Structure formats: structure tokens, C-alpha cells
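One letter stands for each residue in the lines below.
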Amino acid sequence: MSEPRATLPERVAARFGDRVRVSAPLGQVTVEVAPECLVEVSRAMRDERDFRFEQLVDLCGVDYLGYGEVEWDTTDVSSQGFSRGVEGQGPGRFKRGERPAAGGERRFAVVVHLLSQSHNRRLRLRCFAPDEALPAVPSLVDVWPAANWFEREAFDLFGIVFEGHPDLRRLLTDYGFVGHPFRKDFPLIGNVEVRYDVVKARVVYEPVSIEPRVLVPRVVRHDSRYEQGRAETQAQS
């Protein structure tokens, strides 16, 4: 009998050794790679016969600030049936000038989703930026040209710098926008308000006038009134 063919995680681990870390949560193969090996591993994933991931489907940034923290307590409720917000000063829920200190060496990551049309399978690459103050990873535009606008979007929204990108500019935010809106320490209310001033005949920027607040979702629980109404309906019928 011939030996069973190695699975994709086994082949990736055998090919790259300790340069990568392979896992398969929920059946999705994830390959974590250091920035200095990202381009090399990506080229091999695209070109080598065992992989053939010809298509980059998506590239995005991820901010892991506050990852794993629980903000809501659904077991303790008020008399009105609302859950209580445990961490009212969680990521993004603070006033201007009161930003919490960011922590963790593995805060910013770039996640790349690949598709192999030759083998009909998918793979996810993840690369953590080593420096939180100035997160930077190599650009993949030379490997998959489709990464161009994806990397500009991640730079705009997360502030991740892609070294070697041919034209790294903001893509979605307005001219003169300050900060990166998808970062967890960016306030949910923003930093400025924009309005048109009739007297000045131009758009003006002003400090935010609204106060940040925690939006509390209502949790639907068992209510005896529904049972009483159902009993009355059955009795009438």
C-alpha cells in the first residue's frame, strides 16, 4: 500500500521548518511567518508545485489591542433587563486626550488570504509587525500585484507601513485626516467634527462636541407575559 499523501499543514511545516508556525483552527490552515521571511514564504506559496496559491483574495490589518478581554456581563442585569458594561473604558470608549496606553508586542498583524485554483484550497498567512510604535512589514505587491490597494487600505486604516510598496498613500480617509480609524485606541466619536461655515464659506474642523458613551444592548430573556398570552389565545380558540 502507498503511504497517505501529506496534508497541507504537514507539507508547509516540512518545507519551511521553524521559519513558520502552522495551525488549522476550524479547518482553516493558518501559517504565521516572521516579517523577514514573509516575501520568501509568499513566493514559494505562489510558485512551488505543492502549493500553487496563485491568487491573493484579501489582505487586511488587524489590531489585537484588547484581544480576549470581556467587556460585557450578561449574567448580571438591571431591573430593566439590560446587561451591564463591565469595561466602560475599553478600546475606543474614551474622551479625546484620555487614550489608554497600548500594550503587547504582538499588537498589529497583517493577514493574507490565498486561493489555489490549481489545488482548489485556501490558506491564510499572518505576519505580526515587530514594532508597535511604527508597525512595518514587507510589501507583497511584487508577489501578488493585487495586494497594492489592499496594502494602501491597511496603511490608511491601521497605520501599518508596507516596506517596498510603490505608492503607499491613504486610500479612504479625507485629506489631512489625523490618525488611523480602525485602531482600537482611536476614539469611537472621532477626533474632530466637520461642518460647513456659511460665514467663512468653507468647511471647518472643530473639536468633537458629543460625549462618548457605552451602548448597552438589550438581552431578551424569558418573560412570563408571553406564556400567559399564549395560554389565553389557546383558551379562546
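Our structure is the block above this text.
Residues numbered from 1 in each chain as written. Predicted model: local features only at pLDDT ≥ 70, side-chain atom pairs only at ≥ 80, totals over all residues. Heavy atoms only, no water.

Some details on the packing of aromatic side chains
Right, on to step 1. Tallying each qualifying case throughout the model produces four aromatic pairs.
Right, on to step 2. Aromatic side chains Phe16 and Phe51 sit 6.1 Å apart centroid to centroid with 25° between the ring planes, which places their arrangement in the stacked category. Here the residue Phe16 occupies a position in helix 1 (residues 8-16), and Phe51 occupies one in the loop between helix 2 (38-47) and strand 3 (55-63), the gap between them amounting to 35 residues.
Right, on to step 3. Geometrically, the ring pair formed by Tyr64 and Phe128 is tilted, given 5.4 Å between the ring centres and 40° between the ring planes. Residue Tyr64 is found in the loop between strand 3 and strand 4 (72-77), and its partner Phe128 is found in strand 7 (residues 121-128); the two are separated by 64 residues along the sequence.
Right, on to step 4. Exposure remark for Phe128: the relative accessible area of 10% places this residue in the buried category.
Right, on to step 5. The aromatic ring of Phe128 is capped on one face by Arg106, whose charged end is 3.9 Å from the ring centroid.
Right, on to step 6. Sitting above the plane of the Trp149 ring, Arg152 keeps its charged end 5.8 Å from the centroid. (Phe/Tyr/Trp six-rings, centres within 6.5 Å; stacked < 30°, edge-to-face > 60°. Helix = DSSP H or I, 4+ residues; strand = E, 2+ residues; numbered from the N terminus. Buried < 20%, exposed > 50% of the residue type's maximum accessible area, 1.4 Å probe, protein only. Lys NZ or Arg CZ within 6 Å of the ring centre and 35° of its normal.)

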